[in-house]
Amino acid sequence: MTVEMKLLIVEDDDALVRSLRDGLASQGFAADAATNAEDAARRLKIDAFDLVVLDLGLPGANGIELLRWLRARDRALPVLVLTARTRVEDRVGGLEAGADDYLTKPFAFAELVARIRALLRRGVTSAPTVLRLGDLEVDPARLEVRRGGKPVPLTVKEFAILEYLLQHAGTLVSRTMLLEHCWDSSYDGLSNLVDVHVSRLRRKLDLAIGPPSLRTVRGAGFVLEG
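Residues numbered from 1 in each chain as written. Predicted model: local features only at pLDDT ≥ 70, side-chain atom pairs only at ≥ 80, totals over all residues. Heavy atoms only, no water.

**Notes on the overall build of the protein**
Consideration 1: Each helix and strand counted, the protein has 8 helices and 12 strands in total.
Consideration 2: The buried share of the protein, reckoned over its 226 residues, is 42%.
Consideration 3: The long-range share in the protein, meaning contacts at least 24 apart out of those at least 6 apart in sequence, stands at 58%.
Consideration 4: Accessible area for the protein stands at about 11,700 Å²; split by element, carbon and sulfur atoms hold 51% of it. (Helix = DSSP H or I, 4+ residues; strand = E, 2+ residues; numbered from the N terminus. Buried < 20%, exposed > 50% of the residue type's maximum accessible area, 1.4 Å probe, protein only. Contact = heavy atoms within 4.5 Å. Areas by Shrake-Rupley, 256 points an atom, 1.4 Å probe, with all protein chains shown as cover.)

**Overview of the sheet that holds strand 6 (residues 131–133)**
Consideration 1: Taken in spatial order, the 4 strands of this open sheet run 6-7-8-9, and their pairing is antiparallel. Looking along the sheet, the strands with just one partner apiece sit at the ends: strand 6 and strand 9 (150–151).
Consideration 2: Here strand 8 (residues 144–147) pairs with strand 9 via 2 bridges, running antiparallel. Within the sheet, the bridge partner assigned to Arg146 lies in strand 9 and is Pro151.
Consideration 3: Packing of helix 6 (residues 156–167) onto the sheet brings it into contact with strand 6, strand 7 (136–139) and strand 8, and relative to strand 7 it is tilted by some 115 degrees. (Pairing = 2+ DSSP bridges. Axes fitted to C-alpha atoms, helices over the stretch in contact; angles between N-to-C directions.)

**Quick word on the side chain of Asp55**
Consideration 1: Along the chain, the position of Asp55 falls in the loop between strand 3 (51–54) and helix 3 (63–73).
Consideration 2: Among the polar contacts listed, one links the side chain of Asp55 to the backbone nitrogen of Gly57, at a separation of 3.4 Å.
Consideration 3: With near-sequence residues (within four places) excluded, Asp55 lies in contact with Val10, Glu11, Asp12, Gly63, Leu82, Thr83 and Lys105. (Polar contact = N/O pair within 3.5 Å; in protein donor to acceptor, adjacent residues only side chain to side chain.)

**Some thoughts on the packing of helix 6 against helix 7 (residues 175–182)**
Consideration 1: The geometry of helix 6 relative to helix 7 is characterised by a closest axis approach of 10 Å and an angle of 125 degrees between their N-to-C directions. Taken together, the axes of helix 6 and helix 7 are oblique relative to one another. For the element pair helix 6 and helix 7, the recorded crossing hand is right-handed. Residue-level contacts link Lys157, Ala160, Ile161 and Tyr164 of helix 6 to Met177, Leu178, His181 and Cys182 of helix 7. (Parallel < 35°, antiparallel > 145°, perpendicular 65-115°, else oblique. Left-handed = near helix turned anticlockwise from the far one by under 90°.)

**Side note on the confidence of the model for the protein**
Consideration 1: Of all residues in the protein, 85% have pLDDT values of 70 or greater, and the mean over the chain is 83.
Consideration 2: Taking the mean pLDDT of every element in the protein, the minimum, 72, falls on helix 4 (residues 88–97) and the maximum, 95, on strand 3. (pLDDT = per-residue confidence, 0-100.)

**Describing the pattern of salt bridges**
Consideration 1: For the structure on display, the rule yields 15 salt bridges.
Consideration 2: Residues Arg42 and Asp39 are paired through a salt bridge, measuring 2.7 Å at the closest nitrogen-oxygen approach. Of this pair, Arg42 and Asp39 both sit in helix 2 (residues 37–46), separated by 3 residues, roughly a single helical turn.
Consideration 3: Of the residues examined, Asp39 reaches a relative accessible area of 18% and is grouped as buried.
Consideration 4: Among the salt bridges present, the one from Glu137 reaches Arg132, with a minimum N-O distance of 3.5 Å.
Consideration 5: Shared partners join several salt bridges into a network, and the residues in it are Lys6, Asp32 and Asp47. (Salt bridge = Lys/Arg side-chain N within 4 Å of Asp/Glu carboxyl O.)

**Some words on the environment of Arg117**
Consideration 1: Tracing the chain through its elements places Arg117 in helix 5 (residues 109–122).
Consideration 2: Arg117 gets classed as partly exposed once you look at its relative accessible area, which sits at 35%.
Consideration 3: Considering only alpha carbons, one finds Arg117 and Leu51, 66 residues apart in sequence, at a separation of 9.8 Å.
Consideration 4: Here Arg117 is in contact with Gln27 and Phe29, once residues within four sequence places are set aside.

**Remarks on the packing of helix 1 (residues 14–26) against helix 5**
Consideration 1: Here helix 1 crosses helix 5 at 60 degrees, and the two axes come no closer than 11 Å. Considering the angle they form, helix 1 stands oblique to helix 5. Considering how the two elements wind past one another, helix 1 and helix 5 form a crossing that is right-handed. In this structure, helix 1 contributes Leu20, Gly23 and Leu24 to the contact, and helix 5 contributes Phe109, Leu112, Val113 and Ile116.
Consideration 2: For the contact of helix 1 with helix 5, the residue count by class is 6 nonpolar, 1 polar and no charged. (Nonpolar A, V, L, I, M, F, W, Y, C, P; charged D, E, K, R; others polar.)

Rendered as structure tokens:
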């Protein structure tokens, strides 16, 4: 017999809640809903859930506060943050507070289901995925970087750039791609800020150990190599 997974949706948009509950039910999930942090905390105290889908922009206490409260009680319960906030700093803030994954609105329902299933497959005892390339290790959950076993301290923006480059290792990443992923829509793409951040990132990586691994392709972009 198949065991039905129980999810808690923490979201104040009633229409979205109805849509998510109906859609998740069609995929074999049972879903309860809470419209604010206080209601969510009450439900989490009295019932057992397999995963939480959490919006950050809640009325009253926000999603980050709820997430920190939850992590103080339960380090293992998977949490997928679902939010309209698209800035890298917001994503990093959610991960630092204890989120396991992050999906921005608007989103494809199929991707949401795929991410939920991936988190549930991970299991409560498994560690979040650590990205590796050669002697370089990036831990998105802990925001830690090591090269050759040595820690590499990075700023939030440098971490976001490195994570994106590592996800596209061995392929050319243009400045436009980095702008769209690592900066918000108000950024002035005509400045050389991307090159400045990449240059600082390269120096920090190369100081850790070994030969250069982040290569600039003149007029085109950057390639991270192992």
